[in-house]
Number of protein chains: 2
Amino acid sequence: MNTRIYNAKILTMEEDRAIFEGELWIEGDTITYAGPAKSGGGKEWDEQIDAEGNLVMPGFKNAHTHSAMTFLRSHADDMKLDEWLNTRVFPAEAKLTDRDIYWLTKLAVMEYLTSGITAMFDMYMHRAAGAEAARDTGFRNVFCESINNFGGTIEEVEEDYHTYNQDESRLVSYQLGFHAEYTTSRELMEGIAGLSEKYKAPVYVHCSETRKEVEECRERTGMTPVAYMDSLGLFRHGGGLFHGVHMDDADFDIIKERGLWIVTNPASNLKLASGIAPVKRYLDMGIPVAIGTDGPASNNCLDMFREMFLVTGLQKAVCDDPEAVPAMEVLKMATVNGAHAMGLPECDTLSAGKKADLIMIDLMQPNMQPLQNIEKNIVYSGSKQNVKMTMVGGKILYRGGEFFLDCPAEEIYREANATARRILG
Amino acid sequence: MNTRIYNAKILTMEEDRAIFEGELWIEGDTITYAGPAKSGGGKEWDEQIDAEGNLVMPGFKNAHTHSAMTFLRSHADDMKLDEWLNTRVFPAEAKLTDRDIYWLTKLAVMEYLTSGITAMFDMYMHRAAGAEAARDTGFRNVFCESINNFGGTIEEVEEDYHTYNQDESRLVSYQLGFHAEYTTSRELMEGIAGLSEKYKAPVYVHCSETRKEVEECRERTGMTPVAYMDSLGLFRHGGGLFHGVHMDDADFDIIKERGLWIVTNPASNLKLASGIAPVKRYLDMGIPVAIGTDGPASNNCLDMFREMFLVTGLQKAVCDDPEAVPAMEVLKMATVNGAHAMGLPECDTLSAGKKADLIMIDLMQPNMQPLQNIEKNIVYSGSKQNVKMTMVGGKILYRGGEFFLDCPAEEIYREANATARRILG
């Protein structure tokens, strides 16, 4: 399938390349041209799309999520993280089957598509079913290993590392990780550190999400979670920390030195009263930041527009600095940084040779008018309403409010509701 | 025009009335029935709408805005409030004509409709043009007087009070107010207090938005803005405070005693680094709170869904209490409280005799699934994407992504862009 998108405003997100008017060629799953108008270059096109002056840009990368938790949306709100996990989330999750995960992940994929998200860094169990959901819908999925004391062995982790990094669909891949310091034994963490060393692979983990987590780690180990995990050799090959809300001065230095990514999840951190991550300080130190929605049970929606506004809005208020985290920086976090954080360097920008994971933003909506500064419009005013099209790997999966998946939307809703009713009553 | 909406889930927002399935009758601009299925009651209907199981609820009330500031969207971001007002906003506003205001207000109305907002409490100048925009589009507009040292006389205020409270369209009305303590002379404030006394009318004003505003008022008057304005007799007949971010203990008592509304504007307060209003404390004291978007130059979008999530999310984080400001309370603020705050008690709920200002929420979208708790879904997961229909005074103004106004959307965009270019270059 070869597609040409013409009459477009194009924001490639390459360094120092401003929005320009032109066209984009997609051959197979790859971008082959992004530049000024060229009338299709005499090539044969399966489809030619008139963008009507709307904006084409890289899809957003959801750099931390637990997709199949869609079944818990609006089930257990207004609770503290630890109580919420132990009394509501874990008991419900124990009842999930492969089939549940398959449909619940598909529901999340639908929501990602409506928000212009083209890849998920998904930390969840029953991976075979999650991979099938990604392949069947055509969505890009990077698994993040979530081993902890309640499930998983180092042998299984090593097997999954190979299995999902050689997935034939080229849509599914895998990164080493574990759930969190407070749910994972030292032995398991050392096992992960061993695999990281063996494969020179980065490691990703929930870290310093709540004050309580940090305090309890200090009591147990005499160190912060960052320092303790670093002392176990977990970050010798880089990786990333999800949330990263409560850090001390030494933590910042370790993060910087190890070249770790921070994946911030502002809506989830507000809703669970976890706090507000020091994003501006990370940026000021040159620590790269990406953005995740976290799971739909804690957020409760999967909406990159909401996260983008929060990333900058919260920093402005907390740092008493309206200049903190400007719009273009936020767009970079949501696209280029997300791609690199989750190991998808081929999905970062719109340029020849990169994967065709892209979106069209509807500028002919009142929230985008007048057209004074499109980047700022997207970050400060944008919403799901502006997502006119979402394409993953050269295939259009969402366009004009319609989904183009392997099954009807109604079937996914029906299955997700059935699972929620069965498990939650 | 008589319309029947059937096969609906209905959330009337009346006290203690849960969502039920049934139908709604609208005759002229008024609701005549909201209850269980009744097959239209043998009446003649101009249109019968199958809601297909989606939710019908009261429209959101935008209880503080400056609509025509749409021309400044994304023009001057990332600045402090006082610098932003003095160097960017005031000089640009000085160049606005009646014609500009007319089209810029229409642009804001379009955006309100996409967000399910059915009324605006609009504080802006060139009122004749703003009223015309409301009448022509069919949108409900309550003007808030904004007199200050840079424009307006008490005589003009009194004239506008009569003119707009007797508007034949029944869509336009008017409340006394002034811009802010820091922009308005004591003489003018006393004039407003006199009118308030004469007409037993409430008074609305920007108040305690920034720390600087409070400090400078203390230096000038020895009192906080709340105490100083109260000492001038401005709140003898109630009214409301926009923003209300920085309050001392005595302020809370005055607000409570005078029965004032607080209209919170969380996105604007974040973006301008003004702070986070003590919404939970207001609620705990029984002080009623409504929600506004503020103007599009400071927010930058006019989206009640974003405001609703922020109202609760910010309080949870700041108060370290995930139970703070539950979803149903937020929905009440955005509908019933907004209506009463701006003097529209006939627009608060869906019940017989009330105005037909209502919206249909699309539940068949991934962010609303599964359907476990619809109220929570709206507050925590909702977005403009879910607004299937917006009706004001019995007329459908927005439906299925299309606008039904007196002119095409493109004309409004063209005029708004022309104004922005002319004034801002």
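Residues numbered from 1 in each chain as written. Chains lettered and ligands numbered in written order. Predicted model: local features only at pLDDT ≥ 70, side-chain atom pairs only at ≥ 80, totals over all residues.

Bringing the packing of helix α2 (residues 98-114) of chain A against helix α15 (residues 409-424) of chain A into the picture now. Residue and element names in this part refer to chain A. Where α2 contacts α15, the axes come no closer than 9 Å and their chain directions differ by 125°. Taken together, α2 and α15 sit at an angle that is classed as oblique. Considering how the two elements wind past one another, α2 and α15 form a crossing that is left-handed. Facing α2, whose interface residues are D100, W103, L104, K106, L107 and M110, α15 presents A409, I412, E415, A416 and T419. Of the residues contributing to the contact of α2 with α15, the split by class is 7 nonpolar, 1 polar and 3 charged. (Axes fitted to C-alpha atoms, helices over the stretch in contact; angles between N-to-C directions. Helix = DSSP H or I, 4+ residues; strand = E, 2+ residues; numbered from the N terminus. Parallel < 35°, antiparallel > 145°, perpendicular 65-115°, else oblique. Left-handed = near helix turned anticlockwise from the far one by under 90°. Contact = placed C-beta atoms within 7 Å. Nonpolar A, V, L, I, M, F, W, Y, C, P; charged D, E, K, R; others polar.)

A few words on the relation of the copies chain B and chain A. The transformation that overlays chain B on chain A combines an axial shift of 0.0 Å with a rotation of 180°, and the residual RMSD is 0.0 Å. Here the copies are linked by what is in effect a two-fold axis. If distances are taken from each C-alpha of chain B to the rotation axis, the shortest is found for B:Q385, at 2.5 Å. The share of interface residues of chain B whose copies in chain A are also at the interface is 100%, consistent with both copies meeting through the same surface. (Least-squares fit on C-alpha atoms with pLDDT ≥ 70 in both.)

A separate point is the sheet that holds strand β7 (residues 117-122) of chain B. Residue and element names in this part refer to chain B. Taken in spatial order, the 8 strands of this open sheet run β6-β7-β8-β9-β10-β11-β12-β13, and their pairing is parallel. Only two strands of the sheet have a single neighbouring strand rather than two, namely β6 (60-65) and β13 (289-291). Between one strand axis and the next, the sheet turns through 25° on average, direction left out of account. (Pairing = 2+ DSSP bridges.)

This next bit is on helix α6 (residues 211-221) of chain A. Residue and element names in this part refer to chain A. Residues E213, V214 and C217 constitute the buried set of α6. Buried residues of α6, seen end-on, are gathered within an arc of 95° and therefore sit on one face of the element. Along α6, the residues that are exposed and aim more than 90 degrees away from the buried face are E215 and E219. Packing partners of the buried residues in α6 comprise α7 (225-231). G222 lies just past α6 and shows a positive phi near 75°. (Buried ≥ 20, exposed ≤ 12 C-beta atoms within 10 Å, placed from the backbone. Arc of directions from axis to C-beta.)

Residues and elements named next belong to chain A. For S196, the position within the fold is in helix α5 (residues 186-199). The class for S196 is buried, based on 21 C-beta atoms found within 10 Å. Sequence separation between S196 and G239 is 43 residues; the distance between their C-alpha atoms is 9.7 Å.

Between chain B and chain A, the residue contacts involve 53 residues of the former and 53 residues of the latter. Elements that contribute at least two residues to the side of chain B that touches chain A include exactly α2 (98-114), α9 (266-271), α11 (304-318), α13 (374-381) and α14 (409-424) of chain B. If one sorts the elements of the side of chain B that touches chain A by residue count, α11(B) sits on top with 6 residues. Looking at the side of chain B that touches chain A residue by residue, the classes come out as 23 nonpolar, 16 polar and 14 charged.

Glancing now at the domain arrangement of chain A. All names here are of chain A. Looking at the assigned domains, one finds that chain A contains domain 1 (2-59 + 347-403) and domain 2 (60-344). For domain 1 and domain 2, the distance between their C-alpha centres works out to 28 Å. At the junction of the two partners, domain 1 supplies 24 residues and domain 2 supplies 29 residues. (Domains from an automatic or database assignment.)

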